[in-house]
Amino acid sequence: MQVLWFRCDVIIPSVSLGILVVSVLIGSFFFLHEIQHEPDTERNCNMAEAAQSNWERYRTEGHQAFVLGYTGEVGKELMKELAAAKLYKRVVLIGRRQVELDPSFGPEFEQKVVDFEKLEEHAEVFEGLDTGYCALGTTRGKAGVKGFVRVDHDYVLIAAEMAKARGCKHFSLVSSQGANKNSSMLYTRTKGQVEEALKVMHFDRISIYRPGVLMCDRTEDRPGERVARVLLKPISYLFPTAITTPTETVARALINNAVAPSERKEEVYENKAIHQLSGTSKLCGSQNYQETSKSK
Ligand SMILES: NC(=O)c1ccc[n+]([C@@H]2O[C@H](COP(=O)([O-])OP(=O)(O)OC[C@H]3O[C@@H](n4cnc5c(N)ncnc54)[C@H](OP(=O)(O)O)[C@@H]3O)[C@@H](O)[C@H]2O)c1
């Protein structure tokens, strides 16, 4: 059949073959990425394995924490994990609005409403809190370029500085896959710049997490992300650590790492490592991993 200048009986099989080849190449790439062992695989898997005993020890040490971004998707999961694990004597939730907390959360949770534009006027909220979790963030679509940088860069750094001055020893930041201070893209560049600035603040310990596309039932309507999540669902099922991260996986990784003793002052966890720390990585339980561990 001749249609305009090309023939359907030629073009359709060619396009189908092209799509098949590209799919196989992408699938192979993800598969190899999924099964590849990295130098820190064993360390991360061990941290997840030791999580329960680390939780027990950590609880007795009387730590106090704050959470920035607790009303967001990662923040909500983190609160659930913290409420269940009962790791802290006090958890100060710092946000721009008051929300109703789950009644099952213990008395250790306190909400503090602050004006992030005048954070220095609320310095006392950070007093004596030795551990900080930050899952603050907005989007360019919602806040514009300036607003995005203000929240994802400035607010994070101002809060981190104030917390450090008031006793924060360990600061954990939820950044993003692809964060790079030299990136030409605003989002990844901003994330990279925050990471770099935090590293030179000299916390006793700084932990940076770079999750992929967050998988969750987002309360806020973000049509672009909704479509991306639907399209990425099969990839997330077949290759869970490639480009997606469930919010509960991030939350569990944050606390499993925070309770583990670490010899490192600075830690950057890519998406695959986040899955390993959370205890959801199949690689940790694999024969290959166990054999590597035993032979060391
Ligand atoms: N979306 C993704 O797929 C993706 C992927 C990788 C990394 N990340 C990063 O992961 C982090 C957590 O993401 P998420 O999806 O959990 O975030 P989220 O649901 O958008 O929540 C963001 C948090 O930041 C607060 N916030 C936003 N604008 C603010 C402002 N102007 N003043 C004060 N607080 C403000 C929000 O408070 P309100 O509830 O009051 O708005 C909320 O607590 C972010 O840094 C994000 O960039 C996201």
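Remember, predicted model here, so these are calculated numbers, not experimental data.

**Description of the sheet that holds strand β6 (residues 131–134)**
Phase 1 of the analysis: Across the sheet, seven strands lie side by side as β5-β4-β3-β6-β7-β8-β11; this open sheet has parallel pairing. Only two strands of the sheet have a single neighbouring strand rather than two, namely β5 (109–113) and β11 (266–269). The mean inter-strand angle of the sheet, taken between neighbouring strand axes irrespective of direction, is 15°.
Phase 2 of the analysis: Of the strand pairs in this sheet, β6 and strand β7 (residues 170–174) are connected by four bridges, and their pairing is parallel. The residue of β7 that forms the bridge with G132 is F171.
Phase 3 of the analysis: Each of β3 (64–68), β4 (90–95), β5, β6 and β7 is contacted by helix α4 (residues 73–85), which is oriented at about 150° to β5, the strand it contacts most.

**Notes on the site of the ligand**
Phase 1 of the analysis: Taken together, 28 residues lie near the ligand, and T71, R96, R97, R218 and R222 sit nearest.
Phase 2 of the analysis: Interatomic distance of 2.8 Å between a backbone N/O atom of L136 and an oxygen atom of the ligand.
Phase 3 of the analysis: A distance of 3.3 Å separates a nitrogen atom of the ligand from a polar side-chain atom of E225.
Phase 4 of the analysis: Here the ligand has 910 Å² of accessible area as a free molecule, and 88% of this is covered by the chains.
Phase 5 of the analysis: Residue assignment for the shell around the ligand shows that the elements contributing at least two residues are α4, α5 (140–165), α6 (186–199) and β9 (213–215).
Phase 6 of the analysis: With three residues, α5 is the single largest residue contributor to the shell around the ligand.
Phase 7 of the analysis: Residue composition of the shell around the ligand, by class: twelve nonpolar, eight polar and eight charged.

Reading the values: the criteria
- Residues numbered from 1 in each chain as written.
- Predicted model: local features only at pLDDT ≥ 70, side-chain atom pairs only at ≥ 80, totals over all residues.
- Heavy atoms only, no water.
- Pairing = 2+ DSSP bridges.
- Helix = DSSP H or I, 4+ residues; strand = E, 2+ residues; numbered from the N terminus.
- Axes fitted to C-alpha atoms, helices over the stretch in contact; angles between N-to-C directions.
- Contact = heavy atoms within 4.5 Å.
- Near = heavy atom within 4 Å.
- Polar contact = N/O pair within 3.5 Å; in protein donor to acceptor, adjacent residues only side chain to side chain.
- Areas by Shrake-Rupley, 256 points an atom, 1.4 Å probe, with all protein chains shown as cover.
- Nonpolar A, V, L, I, M, F, W, Y, C, P; charged D, E, K, R; others polar.

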